[in-house]
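What the coordinates show
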Amino acid sequence: MSCILNIETSTSVCSVAASQDGQTIFVKEDLKGPSHAVSLGVFVDEALSFIDSHAIPLDAVAVSCGPGSYTGLRIGVSMAKGVCYGRNIPLIAIPTPEVLSVPVLLHHDLPEDALLCPMIDARRMEVYAAVYDRRLQVKRTVAADIVDENSYLEFLNEQPVYFFGNGAAKCREKITHPNAHFIENIHPLAKWMFPLAEKAMAKEDFKDVAYFEPFYL
């Protein structure tokens, strides 16, 4: 196992977490609004100080890579790259829809055939969304969707679909199929990244620190 610094800035929430051997050892979060430029550097400094003071070798940095806010992702990815350069460690990129799905899988009792549809707000009735099964196997890749009464019927006609994320609330009035379920207050947070980051670490699924770019909205 390893020690990974996790950074999540894809929405208005700013969060940093450190994980070691599959367990969270440090968490800092700001859910009050987009203050990444102020909060992120402080959170990362505190996380690195904690890691260093406990003589824990830092093995990688994982960053949520979108889709998401241009400003938030730019700040998060720049910080992640800086730590990777400074410590000569690899960079891991975790898709934001997968980060959103982790707390739903961990803390909600879903039927075996449930599908997950994390939604990231774009504009008007547009969202960026993906569809996964309970193993986080991709049933439909991330796409920009203009949501109406016919959206996701190919899935809703077959099995229950759970919608969540900051784009889901505005879709309630449009998506009224009996198989549609909405889960509130699901945010992409750094503490949800570590199972995904550990998996990427084991597979050595690293990004080129010099050329990596996130998925901006």
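Up top is the structure these notes are about.
Here we summarise the structure given alongside this text. (Residues numbered from 1 in each chain as written. Predicted model: local features only at pLDDT ≥ 70, side-chain atom pairs only at ≥ 80, totals over all residues. Heavy atoms only, no water.)

**Some remarks on helix 2 (residues 70–87)**
Given a rise of 1.5 Å per residue, 18 residues ought to cover 26 Å, and the 26 Å separating the end C-alpha atoms of helix 2 matches this to within 8%. Along helix 2, the residues that are buried comprise Gly-72, Leu-73, Ile-75, Gly-76, Val-77, Ala-80, Lys-81, Val-83 and Cys-84. Along its buried surface, helix 2 packs onto strand 1 (3–8), helix 1 (36–53), strand 4 (60–64) and strand 5 (91–94). Where helix 2 begins, the side chain of Ser-69 points an oxygen toward the backbone nitrogen of Thr-71, at a separation of 3.4 Å. (Helix = DSSP H or I, 4+ residues; strand = E, 2+ residues; numbered from the N terminus. Expected span 1.5 Å × (residues − 1). Buried < 20%, exposed > 50% of the residue type's maximum accessible area, 1.4 Å probe, protein only. Contact = heavy atoms within 4.5 Å. Polar contact = N/O pair within 3.5 Å; in protein donor to acceptor, adjacent residues only side chain to side chain.)

**Observations concerning the packing of helix 1 against helix 2**
Between helix 1 and helix 2, whose axes approach to 10 Å, the crossing angle comes to 30°. Considering their axes alone, helix 1 and helix 2 lie roughly parallel with respect to each other. Considering only the axes of helix 1 and helix 2, their crossing is right-handed. Contacts from His-36, Ala-37, Leu-40, Gly-41, Val-44, Leu-48 and Asp-52 in helix 1 reach Gly-72, Ile-75, Gly-76, Met-79, Val-83 and Arg-87 in helix 2. A per-class count over the contact of helix 1 with helix 2 returns 7 nonpolar, 4 polar and 2 charged. (Axes fitted to C-alpha atoms, helices over the stretch in contact; angles between N-to-C directions. Parallel < 35°, antiparallel > 145°, perpendicular 65-115°, else oblique. Left-handed = near helix turned anticlockwise from the far one by under 90°. Nonpolar A, V, L, I, M, F, W, Y, C, P; charged D, E, K, R; others polar.)

**As for the pairing of strand 6 (residues 115–123)**
Inspection of the sheet shows strand 6 paired to strand 9 (residues 161–164) by 4 bridges, in the parallel sense. What sits directly across from Leu-115, in strand 9, is Val-161. Where strand 6 and strand 7 (residues 126–132) come together, 5 bridges link them in antiparallel fashion. Of the residues in strand 7, the one forming a bridge with Arg-123 is Glu-126. With antiparallel pairing between neighbouring strands as the criterion, strand 6 and strand 7 make up a hairpin whose turn holds 2 residues, including Arg-124 at a positive phi of roughly 45°. (Pairing = 2+ DSSP bridges.)

**So, the sheet that holds strand 10 (residues 180–182)**
With mixed pairing, 5 strands are arranged side by side in an open sheet as 8-7-6-9-10. Taken across any chain shown, the strands that pair with only one partner, and hence form the sheet edges, are strand 8 (138–146) and strand 10. The average undirected angle you get between the axes of adjacent strands in this sheet is 25°. Summarising the sheet, strand 9 and strand 10 pair through 3 bridges and their orientation is parallel. Note on strand 10: the bridge partner recorded for Tyr-162 is His-181. Here helix 3 (residues 96–107) sits on the sheet and contacts strand 6, strand 7, strand 8 and strand 9; the angle it forms with strand 6, its principal contact strand, is near 130°.

**Comments concerning the nonpolar core**
In terms of nonpolar packing, the biggest core is built from 28 residues, with Leu-5, Ile-7, Val-16, Val-44, Leu-58, Val-61 and Val-83 touching the most fellow members. When contributions to this core are tallied by element, the ones reaching two or more residues are strand 1, strand 2 (14–20), helix 1, strand 4, helix 2 and strand 5. Contacts of Val-83, omitting those with residues within four sequence positions, involve Leu-5, Val-44, Leu-48, Leu-58, Val-61, Asn-88 and Ile-89. Counting 20 residues, the second largest nonpolar core, distinct from the first, contains Ala-17, Ile-92, Ile-94 and Tyr-132. (Core = buried A, V, L, I, M, F, W, Y, C linked by side-chain atoms within 4.5 Å.)

Everything listed is a geometric property; what it means functionally is a separate question.
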